[in-house]
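Here is how the chains run, residue by residue.
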Amino acid sequence: MLFCWIILTLCCIVATLNGEHTDTSQFDFVMKELDSLRHDFQVKYERLEAENTNLKKELASVRNKRLLLGTGNVGYSVEIVNGESSETSKVDFIMKELGTLRHDFNDLHSKYENLEAENMNLKRELDLAKNKRQLSDGIGFYARRKPSGTLGAQQTIEFEHVHENHGNGYDSLQGHFTAPVSGLYQFSTTIYSMDNYGVHCEMVKNGQNLGQLLAPVPGYASSTLNVVIYLSVGDQVWVRHLGSASEHLNANDYSSFSGFLISL
């Protein structure tokens, strides 16, 4: 679109030069416009090239490697036409410059597209490298619930006694685990009922049922659920009371919730 506008503008200028007398100041104006257009293309290219360089440096830092990058500069030269040259030579010169500009634009556009594609690949590779580093550091949690009590309808169970929380994926205040990276996870929860009561719970992913647990009457019974599930970044898993009627959970560190990343 921009290049079509350039061609249309220059054609209008050429037509003016052919049809009317044009002084040196008009020709200088055309040359300044050509220089301005070249400058705009060069700035856009160099901005993308700088982003490409930064991505490579960041990826190298994640991998603990050094990568030397060279930044190319695009230079242009502009011929100066003698102020005494004829109108015909000015028109010829502008047409020649237009052809050069077209070639420069095509070359720059090709380099721009190549750099965009390379940047996308570098971003994906960088995300993967970060995920692998986080996997090597370990992602997992284990928490137990201390207070016993009555559970309301669909109440989230907060396991606030946190023993391990590598990767900081588990929020003890909300009772939710949020996946910091995409991958295959395993979760386990155990519930324990009080004397003369049963308790019915479920594990959910983003509010969708993954499995149910029932510690039945007459109480002092336990139930355990293990789940293996793929999570995307930001997906959440938690345990909540299942049912509309109130039930009693025997906690005192008997009821627990845990999970960990198996693989990316």
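The structure this text deals with has already been given above.
An account of the accompanying structure is given in this report.

What counts, and at which threshold
Residues numbered from 1 in each chain as written. Predicted model: local features only at pLDDT ≥ 70, side-chain atom pairs only at ≥ 80, totals over all residues. Heavy atoms only, no water. Buried < 20%, exposed > 50% of the residue type's maximum accessible area, 1.4 Å probe, protein only. Helix = DSSP H or I, 4+ residues; strand = E, 2+ residues; numbered from the N terminus. Pairing = 2+ DSSP bridges. Phe/Tyr/Trp six-rings, centres within 6.5 Å; stacked < 30°, edge-to-face > 60°. Contact = heavy atoms within 4.5 Å. Polar contact = N/O pair within 3.5 Å; in protein donor to acceptor, adjacent residues only side chain to side chain.

**Focus on the pairing of strand 6 (residues 183-192)**
On any regular strand, side chains alternate: one points to one face of the sheet, the next to the other face. Extensive coverage of strand 6 is indicated by the burial of 7 of its 10 residues. Here 10 bridges tie strand 6 to strand 9 (residues 222-231), and the two strands are oriented antiparallel to one another. Residue pairing across strands places threonine 189 opposite leucine 225, the latter belonging to strand 9. The sheet contact formed by strand 6 and strand 12 (residues 256-263) spans 7 bridges and is antiparallel. Counted as the bridge partner of threonine 190 is serine 256 from strand 12.

**So, unusual backbone geometry**
Of note, the bond from valine 217 into proline 218 is cis; its omega dihedral lies within 30 degrees of zero at 15°. On the secondary structure map, proline 218 appears in the loop between strand 8 (208-215) and strand 9. Unusually for a residue other than glycine, asparagine 196 sits at a positive phi of about 70°. Residue placement: asparagine 196 occurs in the loop between strand 6 and strand 7 (199-205). Of note in the backbone geometry, asparagine 206 takes a positive phi value of approximately 50° without being a glycine. Here asparagine 206 shows up in the loop between strand 7 and strand 8. Among the residues examined, asparagine 206 registers a relative accessible area of 40% and is labelled partly exposed.

**Comments concerning the packing of aromatic side chains**
Scanning the model with the defined rule gives 12 aromatic pairs in all. Each ring, one from phenylalanine 141 and one from phenylalanine 187, has its centre 6.4 Å from the other, and the planes form 50°; the classification is tilted. You can see phenylalanine 141 sitting in strand 1 (residues 140-144) and its partner phenylalanine 187 sitting in strand 6, a full 46 residues away along the chain. According to the relative accessible area criterion, phenylalanine 187 is buried, its value standing at 0%. With a centroid separation of 6.1 Å and an interplanar angle of 75°, the aromatic rings of tyrosine 170 and phenylalanine 257 are classed as edge-to-face. One end of the pair, tyrosine 170, is in strand 4 (residues 170-171); the other, phenylalanine 257, is in strand 12, with 87 residues separating them in the sequence. The exposure classification of tyrosine 170 matches that of phenylalanine 257, with both residues buried.

**Quick word on the environment of isoleucine 229**
Within the fold, isoleucine 229 resides in strand 9. Spatially, the C-alpha atom of isoleucine 229 lies 6.4 Å from that of glutamine 186, the residues being 43 residues apart in sequence. Among all residues touching isoleucine 229, those that are not within four sequence positions of it are Gly183, Leu184, Tyr185, Phe187, Lys205 and Leu210.

**Points about the side chain of arginine 145**
Turning to its location among the elements, arginine 145 is positioned in the loop between strand 1 and strand 2 (149-151). Residue arginine 145 is classed as buried on the basis of its relative accessible area of 11%. Of note is the side chain of arginine 145, whose polar atom sits 2.9 Å from the backbone oxygen of glutamate 158. Setting aside residues up to four positions removed in sequence, arginine 145 forms contacts with Ile157, Glu158, Phe159, Glu160, Leu249, Ala251, Asn252, Asp253, Tyr254 and Ser255.

Any functional reading would require information beyond the geometric quantities listed.
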